[in-house]
Amino acid sequence: KIISLIILWPLVYWTIGASVAVMSVDLGSEWMKMAIVKPGVPMEIVLNKESRRKTPVAVCLKENERLFGDGALGSVKNPKVVYRYLQNLVGKRVVNPQVVEYQKHFPEHQLERDEKRDTVNFKYSEEINYSPEELLGMVLNYSRGLAQDFAEQPIKDVVITVPAFFNQAERRAVLQAAQVAGLKVLQLINDNTAVALNYGVFRRKDINATAQNVMFYDMGSGSTTATIVTYQTVKTKESGTQPQLQIRGVGFDRTLGGFEMELRLRDHLAKLFNEQKKSKKDVRENLRAMAKLLKEAQRLKTVLSANAEHGAQIEGLMDDIDFKAKVTRAEFEALCADLFDRVPAPVKDALSSSEMSMDDIEQVILVGGATRVPKVQEVLLKAVQKEELGKNINADEAAAMGAVYQAAALSKAFKVKPFLVRDAAVFPIQVEFSRETEEEDGMKTTKHNKRILFQRMAPYPQRKVITFNRYTDDFTFNINYGDLSFLIDRELGIFGSSNLTTVRLSGVGSSFKKHSDAESKGIKAHFNMDESGVLILDRVRQMCSNLHFRNVFKYVHQDEEEVPPEAGKDQDEQEEKPGEKQEPEEKKEAEPQAEEQTDKADGAEGKSEVFMKQEQNEGEKSDKDEKEIKGEKAEEGKEENKDKPQKKSKISEDVRVELVVNDVLDPSIDDIDSSTKKLQDLTNRDLQKHEREKSLNSLEAFIFETQDKLYQEEYQVVVSEQEKEEISGKLSEASNWMDEEGYTASTKELKEKFSELKKLCKAMFFRVEERRKWPERLAELDRMLNQSSFFLTGVKLIPESDQIFTDVEMKTLEKVINETTVWKNETVAEQDKRSPTEKPVLLSKEIEAKISLLEREVNYLLNKAKFAKPKPKPKPKDTNSSSTENSKTSNSTADSEKVIPPTEDPAGEPPTANEQEPMTETVSQDAKKTGICDIQALYAHRT
């Protein structure tokens, strides 16, 4: 926490009552971890209701309630309504191999095809079904509830982690789930990037200008990822030299993880149970028994990581038959031998994508729960050829902590030390389009063109612009994934469609006709890959340059035939950006008849990565246009000095865009609203159920506690026999009502019954509470009276010539003291005459009011004495009438020095604190406790 406080320091400028806390959710396939940042709490892991630091990603939908986390997993009696491993289904079509595997692993669930989107839904009943995004939204909403309870304030802003291998459809699906949950997603951050950020934040002092390459090997429950990260300091214009992490290479295996090991161990336990022949039935056909075996397999896998053998034990596995079996680590490793053979593959893929070797890697750090399996570490250590594997990071919480640091950095309510993050797109994206061309023999052919928009491992966020120069009418182009040959067949099948979006542009032809007298600068498509790794087509515009020349027709004729606009632009760009590194496909097709160009800007440090392009505002002149016009003006000036441009302007007009999604359709606005309403209804039902349970418990506790209090001594003193019988009778009546109708009564009936009983017992509780407060309050009043009287006596002893208080002020204090003393004596005497069962006349709130009045009067006089200036003493008469003017001045100075003698140290040093405040030594002990000092000592100090 001390380190976190140094790194993460919240700014104190939030508005009162506003929510400034942010959270992160490390959303894994089996577990999720939440972390929060709020003022005074820098980066803290959220504890759930069971005080655990991680929560299962599971939801149980019963008829009248929902259960989450450990509560949902406890419902093994009915596994049909327990939904887990939702991450494997979001953003996938019904024919996806991973969906098919899910149905095989969880046959208790009935999966249906969504006719609109061709995705999968869970059939809950004949009328109701739930999509994986809706269930995931429930889990995210539950995580927010836990974070809000932990932070004690509302939270809406969140950063969510996703696997680095999530494609566009899967990322959009997670965003849809968060939208249904009512969360504002600041960013979807790759979990490997979040781990790398957490590692770098706490080691920023070790990062310097020399590049340090670290590999993070993350094997979780559902997948495995190997990531190569480069740490070094870089110079920035905004904040100077700052540390930076850059994702250089990523390798992954979507289906290699601890869950697959648990499934094999579950099947092995089922085989052992069948071999015992305690039942004629096959345990594999019993869904409830298989759910119990999976739970035991998860526990067994954890224990075998530290022990060579362990016994599995389940009571009442099936037909009230208990199951016991011994499993050794060797047997477990034999079951998962082919899985362990796949451990090195992500390492090789990461090295290949980063163009590095293991000699370039300084350290390999383990992340994820499944890396605790000894065999995984053994195989990995052999593959990376290092002396040891790094374990100096929290394998479970690193991603959540890194994500919450990023959330604080993105939030406007906090200021953190900058740590630059350059994430990388794992899959390349390209633009494809076709155009008819006419050959020399007059035949028309269709030419298919590809342009790489984002290369593999290209950094993001960044913007790109592609210019189409040869289209004068409406046309269509496609946004697809690039070369995916680096994926194996299993990964390609799970990946899904390689076609992303078809873009149909309309209004191009009419725009050209509208600006027929202008020179076309092409159709510019503006793309943006945002912080979440989601590709967005921002806009498409037609660009024209309206140039007016005296001999304009001659100029246009020369431009069309001699210097084609596309080739000219390409040459100009190369001259302006000599350090630019062209895309490989652009190099191949850099002929004069190029159909489009990708506008790129070089990196700040001469790197080959492509950064965000600075877009030109409408009406602004680009350097390229100026160079082109200037070059043409100079050339035409040699031929004819009169042909000079008189005016030039830039025209920009939006083009209508129609997007056709080709991978997984996004739900419509109506579908999103319907899902949101469905989840809100379930949430309201849960809240109503919780409110009813709270009212029921409160009423039940009040009845039992009050019945017990009637027999306690302090209550028996203040209750008459008649009142006691009445209260006891009503409590017994309410208790009988609870047994007969209370547990089925509505929340309103429970609250009314509770209010009735509280009103009946209110007077009794009031009398008991007052008698408890009297001793302390009266002692405090006596102490205040004594100290006020002592203070008043000291004030009266001040000589009249030095008195700083007026008679009215002293008489006011004296009056308050006398009136309070009289009130206290009379009220206490009156209370002593009354019966304890009667309403008291001596009230604690009135005693507190008297104490406050005395404190106010005394504090007023003390403050006046503290800042009052002492009165100057009269000057003594001069007996020597013949004294000179200088002697009078000397005497006058001496007199003034006698009035206020200076306190100087002989050595010329300033006085100490004790010498400056001598009054502290004369304050009485009682005065020190209450803040009241001896007025004479105060006066002596001031004079």
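Residues numbered from 1 in each chain as written. Predicted model: local features only at pLDDT ≥ 70, side-chain atom pairs only at ≥ 80, totals over all residues. Heavy atoms only, no water.

- The name given to the protein chain in an unreviewed UniProt entry is Hypoxia up-regulated protein 1, and the organism recorded there is Denticeps clupeoides.
- UniProt's Sequence similarities (unreviewed entry) comment on the protein chain is quoted here verbatim: "Belongs to the heat shock protein 70 family."
- The protein chain has a UniProt comment under Subcellular location (unreviewed entry) that states "Endoplasmic reticulum lumen". (UniProt positions renumbered as here; feature names shortened; annotations may be inferred.)

## Looking at the pattern of salt bridges
Item 1. Overall, the coordinates contain 51 salt bridges when judged by the stated rule.
Item 2. Between D671 and K116 there is a salt bridge, with the nearest N and O atoms lying 3.5 Å from each other. Here D671, found in helix 20 (residues 669–709), pairs with K116, found in the loop between strand 9 (111–113) and strand 10 (120–123); they are 555 residues apart in sequence, far enough to count as distant.
Item 3. Between R504 and E658 there is a salt bridge whose closest N-O contact spans 3.8 Å. Residue R504 is located in strand 27 (residues 499–506), and its partner E658 is located in strand 32 (residues 656–661); the two are separated by 154 residues in the primary sequence.
Item 4. Taking the relative accessible area as the measure of exposure, R504 reaches 42% and is therefore partly exposed.
Item 5. Since its relative accessible area comes to 43%, E658 is described here as partly exposed.
Item 6. Residues joined in a network through salt bridges with shared partners are K92, E170, R254 and E491. (Salt bridge = Lys/Arg side-chain N within 4 Å of Asp/Glu carboxyl O. Helix = DSSP H or I, 4+ residues; strand = E, 2+ residues; numbered from the N terminus. Buried < 20%, exposed > 50% of the residue type's maximum accessible area, 1.4 Å probe, protein only.)

## Let's talk about the sheet that holds strand 24 (residues 458–460)
Item 1. The six strands lie next to each other as 19-14-15-16-21-24, forming an open sheet whose pairing is mixed. Both edges of this open sheet fall to strand 19 (363–367) and strand 24, since each of them pairs with a single strand only. Strand-to-strand twist of the sheet, defined as the mean angle between neighbouring strand axes without regard to direction, takes the value 30°.
Item 2. Bridge count for strand 14 (residues 212–219) against strand 19 is five bridges, and the pairing is parallel. Counted as the bridge partner of Y217 is L366 from strand 19. (Pairing = 2+ DSSP bridges. Axes fitted to C-alpha atoms, helices over the stretch in contact; angles between N-to-C directions.)

## Here we look at the nonpolar core
Item 1. Ranked by size, the top nonpolar core spans 127 residues in total, and within it F216, Y231, F468, F477 and F527 carry the most contacts.
Item 2. Every residue in contact with F527, bar those within four places of it in the chain, is listed here: V431, L453, Q462, R463, K464, I466, F477, I479, L535, I536 and L537.
Item 3. By size, the runner-up hydrophobic cluster in this structure holds 47 residues, among which are L293, L351, V373 and L380. (Core = buried A, V, L, I, M, F, W, Y, C linked by side-chain atoms within 4.5 Å. Contact = heavy atoms within 4.5 Å.)

## Examining the packing of helix 23 (residues 747–796) against helix 25 (residues 844–867)
Item 1. At a minimum axis separation of 9 Å, helix 23 and helix 25 run at an interaxial angle of 20°. Here helix 25 runs roughly parallel to helix 23, going by the angle between their axes. Judged by the sense of rotation from one axis to the other, the crossing of helix 23 with helix 25 is left-handed. Contacts from E770, K773, R777, L778, E780, L781, M784, L785, S788 and F791 of helix 23 reach helix 25 at S844, I847, E848, K850, I851, L854, E855, V858, L861 and L862.
Item 2. Partitioned by chemical class, the residues of the contact of helix 23 with helix 25 number 11 nonpolar, two polar and seven charged. (Parallel < 35°, antiparallel > 145°, perpendicular 65-115°, else oblique. Left-handed = near helix turned anticlockwise from the far one by under 90°. Nonpolar A, V, L, I, M, F, W, Y, C, P; charged D, E, K, R; others polar.)

## Things to note about unusual backbone geometry
Item 1. Cis geometry marks the peptide bond from Y460 to P461, where omega comes out at 10°.
Item 2. By the element assignment, P461 lies in the loop between strand 24 and strand 25 (462–468).
Item 3. A positive phi angle is found at D320, which is not glycine, with a value near 60°.
Item 4. The topology assignment puts D320 in the loop between strand 17 (309–318) and strand 18 (321–328).
Item 5. Residue D320 is classed as exposed on the basis of its relative accessible area, which comes to 76%.

## Topic: helix 13 (residues 398–410)
Item 1. The terminal C-alpha atoms of helix 13 lie 19 Å apart, and with 13 residues this matches the ideal 18 Å at 1.5 Å per residue to within 8%.
Item 2. Helix 13 sits mainly inside the fold: 11 of its 13 residues count as buried.
Item 3. Taken as a whole, helix 13 has its buried residues at A398, A399, A400, M401, G402, A403, V404, Y405, Q406, A407 and A408. (Expected span 1.5 Å × (residues − 1).)

## Details of the sheet that holds strand 11 (residues 129–130)
Item 1. Read from one edge of the open sheet, three strands run 9-10-11, paired in antiparallel fashion. Sheet topology places strand 9 and strand 11 at the edges, where each strand pairs with a single neighbour.
Item 2. Strand direction decides the pairing type here: strand 10 and strand 11, joined by two bridges, are antiparallel. Bridged to F122 within strand 11 is Y130.

## Section: the environment of D319
Item 1. Mapping D319 onto the fold places it in the loop between strand 17 and strand 18.
Item 2. Residues D319 and A289 lie 30 residues apart in sequence; the distance between their C-alpha atoms is 9.5 Å.
Item 3. With residues near it in sequence (within four places) discarded, D319 still touches S279 and K281.

## Here we look at the packing of aromatic side chains
Item 1. Tallying each qualifying case throughout the model produces 29 aromatic pairs.
Item 2. Geometrically, the ring pair formed by Y124 and Y130 is edge-to-face, given 5.7 Å between the ring centres and 70° between the ring planes.
Item 3. Y124 sits in the partly exposed class, given a relative accessible area of 25%.
Item 4. Relative accessible area serves as the criterion here: at 5%, Y130 is assigned to the buried category.
Item 5. For the pair Y199 and Y231, a centre-to-centre distance of 5.9 Å together with 45° between the ring planes defines the contact as tilted. (Phe/Tyr/Trp six-rings, centres within 6.5 Å; stacked < 30°, edge-to-face > 60°.)

## Some details on the side chain of H105
Item 1. Of note, H105 is situated in helix 3 (residues 97–105).
Item 2. Owing to a relative accessible area of 16%, H105 belongs among the buried residues under this scheme.

## Quick look at the pairing of strand 25
Item 1. In terms of residue burial, strand 25 counts as a mostly covered element, since six of its seven residues are buried.
Item 2. With seven bridges connecting them, strand 25 and strand 28 (residues 519–529) associate as antiparallel partners. Bridged to T467 within strand 28 is K524.

## Quick notes on helix 7 (residues 258–276)
Item 1. Helix length check: helix 7 (19 residues) gives 27 Å between terminal C-alpha atoms against 27 Å at 1.5 Å per residue, within 8%.
Item 2. What helix 7 keeps buried is the set G258, F259, M261, E262, L263, L265, R266, H268, L269, A270, L272 and F273.

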